[in-house]
Amino acid sequence: MGKIFYPDFFNDVFGPIMQPGSSTNFAGNSRLGRAASFTVKQELKRVKVSLNPNSQGYLGKLGNMMEDRAFLGGLQGFAPDDERLFDAHALARDKGISYEFGFLPEDNEYPDTITFDVENKNGDKGRFIGASIGGGMIKSYEINSFPIVWQGDTHGILLKKTPQTEVGLRSFLQSNESAVVDYREYRNERGEEAWFIELSRPIEDEKLQKYFGTDQLVFPALLPVLSFNGRQAQLFKTVDEWIGYAEKEGISFVDAAIAYEKAFSGWDEKQIWDYFENIRDILYHQIHALEDRGIDTVPDTPLLPVYGKNWNRYKQTGKVLQDPLSSRIMDYAFSVNAKIPGVRIVPGPMGTGGGYLFSAMEAVRESRGYSRKKQLEGLVVAAQLGAIAFGLAHASGLSGCAGESGICCAMASGGITWMAGGTGQQVQNAASMALQSHIGIPCDPIPGGKEFPCLTRTVRAALSAPLYADMALCGIDPIIPYHEALYAIEHIRQLYPKAVCGPECGLNCTAAAARCQQFLSEDIMKDKLKWEAPEV
């Protein structure tokens with residue numbers, strides 16, 4: 001028994017549907033907190049969120065990507081698309097939940113993880129050790145001292161081993177055989193034994209108590225597409241294989257991508273197309289949010305001015321240098337950058353990447369009069385390019401900006417190429433050229449730096465997507481196929497990890513960056529690292 005797990009469209013690429021922010025630092029961390037909340041029953045009374053001591057620099061930038069609110073909001077049960085995440089500190093204090101951010105006494109055996117120690121109002125304690133691994137995805141390493149690896153892709157049951165539960169387990173597995181994806185036995189350092197059962201569907205509490213009494217904890221699935229028995233193997237891993245699969249099956253390039261998602265999700269075509277319709281509608285509202293809400297009425301925040309206000313005032317002077325298409329992409333990109341609470345977003349791959357790539361796709365659709373159907377096909381092509389990227393490279397800031405805005409630009413360029421009537425090979429050429437243009441750029445968001453230098457790169461990615469589509473459509477051969485460009489990104493990440501991502505790379509070495517980080521830690525976060533609820 002085991003799971004087949006590979007990058008797909010709705011868990012990895014266009015996922016999760018969330019509030020504005022980073023998919024890794026906001027959505028993924030909220031999922032970590034939510035998973036940790038299930039390590040005890042009843043309402044929480046006290047939580048501590050701890051880093052490994054070797055992550056000293058992390059605490060200094062805490063809050064830059066709203067990680068603090070993600071952790072606290074998830075611990076209160078808020079999903080990534082819940083607007084209450086933004087008020088997580090105040091809501092925790094209203095509920096009388098004491099909280100603290102700090103360090104473990106010594107490093108644990110899991111680098112780059114977060115440890116959650118929680119206590120409920122009855123005094124029961126739980127511990128969850130896990131990591132946000134990119135694109136909103138998470139991975140556990142320990143649950144209540146048992147070395148359980150779980151990614152939120154199933155409904156989990158942690159079951160203490162007793163004579164009663166041992167009898168109940170056999171009956172339960174027989175009665176729910178079709179839903180059981182995996183189950184394993186664990187022993188912790190204290191000699192205690194437990195099982196962790198993974199299911200493709202939830203089981204009612206009454207039925208669980210019938211089998212096991214009250215000696216179990218339930219961990220609801222956190223991903224939109226769940227693992228299940230009978231998942232097919234990955235149909236293809238490169239664009240060349242994608243083209244070959246379509247030719248072999250006698251289907252279109254787009255239908256081959258739909259087949260890829262069917263193999264992973266088990267969904268039928270209508271479910272997949274309906275989900276893309278939902279994604280398209282969310283992205284459409286995101287890129288129009290500033291216009292719909294009134295640009296001048298959207299408030300600035302201490303960490304993020306609404307740069308769309310500057311752009312709108314400048315446009316009204318009639319001095320804009322950009323052509324109409326580029327100008328419209330910038331309208332949309334600045335709406336994406338505003339990160340307005342309550343305006344849901346879809347990552348792709350970074351938190352706002354879906355909005356940036358759709359800024360280009362929608363502006364091109366408007367300009368050229370392409371149909372909604374053709375645009376949806378373009379989103380499918382973009383999703384498949386993203387899935388290939390997630391499979392062959394680390395599609396996150398760990399690979400530098402190429403892993404985020406670069407892959408975003410590649411997805412947009414390929415999708416636009418398809419919308420404009422390009423072939424599968426031209427889609428590959430556009431995506432490769434887009435990716436090549438980003439290789440070597442570091443991921444160096446300045447803590448407290450008001451979205452710089454990210455803003456310069458994400459807007460450029462959106463603006464240049466039609467450029468690479470045009471280059472591919474006019475017949476330029478980029479020499480390097482898309483998958484080899486991804487190999488190059490991964491190779492550079494492994495050779496120069498500190499140069500492409502981290503507190504010392506890129507613009508983070510500047511004096512201005514140091515002042516910004518001081519502003520973040522001393523002004524923004526000074527009273528948010530620890531709060532003690534008053535005794536009742």
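One can find the structure itself at the top, above this paragraph.
Residues numbered from 1 in each chain as written. Predicted model: local features only at pLDDT ≥ 70, side-chain atom pairs only at ≥ 80, totals over all residues. Heavy atoms only, no water.

## Describing the packing of aromatic side chains
Counted according to the given criterion, the structure contains 33 aromatic pairs. Across the ring face of Y211, the terminal group of K210 is positioned such that the distance to the ring centre comes to 5.4 Å. (Phe/Tyr/Trp six-rings, centres within 6.5 Å; stacked < 30°, edge-to-face > 60°. Lys NZ or Arg CZ within 6 Å of the ring centre and 35° of its normal.)

## Observations regarding the pairing of strand β1 (residues 44-51)
Pairing of β1 with strand β3 (residues 114-120) involves 7 bridges; the strand directions are antiparallel. What sits directly across from V49, in β3, is F116. Sheet topology note: the β1/strand β2 (residues 98-103) ladder contains 6 bridges and is parallel. Counterpart to V47 in the pairing with β2 is Y99. (Pairing = 2+ DSSP bridges. Helix = DSSP H or I, 4+ residues; strand = E, 2+ residues; numbered from the N terminus.)

## Observations concerning the pattern of salt bridges
Once the charged atoms of two side chains with opposite charge are near each other, the side chains can pair. The final tally for this structure, using the stated rule, is 27 salt bridges. With a shortest N-O distance of 3.1 Å, D182 and R184 are connected by a salt bridge. Assessed through its relative accessible area of 43%, R184 is described here as partly exposed. The salt bridge involving E490 is made with R493; its shortest N-O contact spans 2.6 Å. Here R493 and E490 lie together in helix α19 (residues 482-495), a separation of 3 residues that amounts to about one turn. Connected through salt bridges with shared partners, the residues E291, K315, R328, D331 and E366 form a single ionic network. (Salt bridge = Lys/Arg side-chain N within 4 Å of Asp/Glu carboxyl O. Buried < 20%, exposed > 50% of the residue type's maximum accessible area, 1.4 Å probe, protein only.)

## Thoughts on the packing of helix α13 (residues 324-337) against helix α14 (residues 353-368)
The interhelical angle for the contact between α13 and α14, taken along N-to-C directions, is 145°, at an axis separation of 8 Å. Regarding α13 and α14, the two cross each other, and that crossing is right-handed. Contact residues: α13 offers L325, R328, I329, Y332, A333, V336 and N337, while α14 offers G355, Y356, S359, A360, E362, A363, V364, E366 and S367. Here the residues of the contact of α13 with α14 sort into 9 nonpolar, 4 polar and 3 charged. (Axes fitted to C-alpha atoms, helices over the stretch in contact; angles between N-to-C directions. Left-handed = near helix turned anticlockwise from the far one by under 90°. Contact = heavy atoms within 4.5 Å. Nonpolar A, V, L, I, M, F, W, Y, C, P; charged D, E, K, R; others polar.)

## Quick notes on unusual backbone geometry
Excluding glycine, residues mostly carry a negative phi; peptide bonds, for their part, are mostly trans. Note the cis peptide between G15 and P16, where omega equals 0°. Note that P16 resides in the loop between α1 (9-13) and α2 (23-37). A cis amide bond links F452 with the next residue in sequence, P453, at an omega value of 0°. Here P453 shows up in the loop between α17 (424-436) and α18 (454-473). The backbone phi angle of M66 is positive, close to 65°, even though this residue is not glycine. Mapped onto the fold, M66 is located in the loop between α3 (56-61) and α4 (67-75). Given the relative accessible area of 13%, M66 is considered buried.

## Considerations on the sheet that holds β3
The sheet built from 6 strands is open, its strands ordered β5-β4-β3-β1-β2-β10 with mixed pairing. Each edge of the sheet is formed by a strand with only one pairing partner; in this case those strands are β5 (137-143) and β10 (530-531). Across 6 bridges, the pairing between β3 and strand β4 (residues 125-134) is antiparallel. What sits directly across from V118, in β4, is G126. Its contacts with the sheet put α2 on β3, β4 and β5, and the angle it makes with β4 is roughly 155°. In the packing of α4 onto the sheet, contacts are made with β1, β2 and β3, and the angle to β1 comes to roughly 145°.

## Focus: the packing of α14 against helix α16 (residues 405-419)
Helix-helix packing: each pair is described by the crossing angle between the helix axes and the interaxial distance. Two numbers describe how α14 lies on α16: the axes approach to 9 Å, and their chain directions differ by 25°. One finds that α14 runs roughly parallel with respect to α16. Here the hand of the crossing between α14 and α16 comes out right-handed. Contacts between α14 and α16 pair G353, Y356, L357, A360, M361, V364 and R365 from the former with C408, M411, A412, G415, I416 and M419 from the latter. Its residues placed into classes, the contact of α14 with α16 shows 10 nonpolar, 2 polar and 1 charged. (Parallel < 35°, antiparallel > 145°, perpendicular 65-115°, else oblique.)

## Observations regarding the sheet that holds strand β9 (residues 216-219)
Taking strand neighbours across the sheet as the criterion, the 4 strands line up as β7-β8-β6-β9 in an open arrangement whose pairing is antiparallel. Two strands bound the open sheet, and with one partner strand each, they are β7 (180-187) and β9. When strand polarity is set aside, the average angle formed by the axes of neighbouring strands in this sheet is 15°. Here β7 pairs with strand β8 (residues 193-199) via 7 bridges, running antiparallel. Bridge assignment links D182 to a residue of β8, and that residue is E198. Here helix α7 (residues 205-212) sits on the sheet in contact with β6 (155-160) and β9, set at roughly 150° to β9.

## Quick notes on the state of the cysteines
Scanning all chains against the criterion turns up 0 disulfides. C401 forms no disulfide, and the closest cysteine sulfur to it belongs to C443, at a distance of 6.3 Å. A residue is classified by how much of its surface remains accessible, and C401, at 10% relative accessible area, is buried. (Disulfide = S-S within 2.5 Å.)

## Concerning the environment of G397
Tracing the chain through its elements places G397 in the loop between α15 (372-392) and α16. When its relative accessible area of 7% is taken as the criterion, G397 is described as buried. Considering only alpha carbons, one finds G397 and C443, 46 residues apart in sequence, at a separation of 5.3 Å.

## A word on α16
For α16, which comprises 15 residues, the first-to-last C-alpha distance of 21 Å matches the rise-based estimate of 21 Å (1.5 Å per residue) to within 8%. Most of α16 is tucked away, with 15 of its 15 residues classed as buried. Directly beyond the C-terminal end of α16, a positive phi value near 95° is found at G421. (Expected span 1.5 Å × (residues − 1).)

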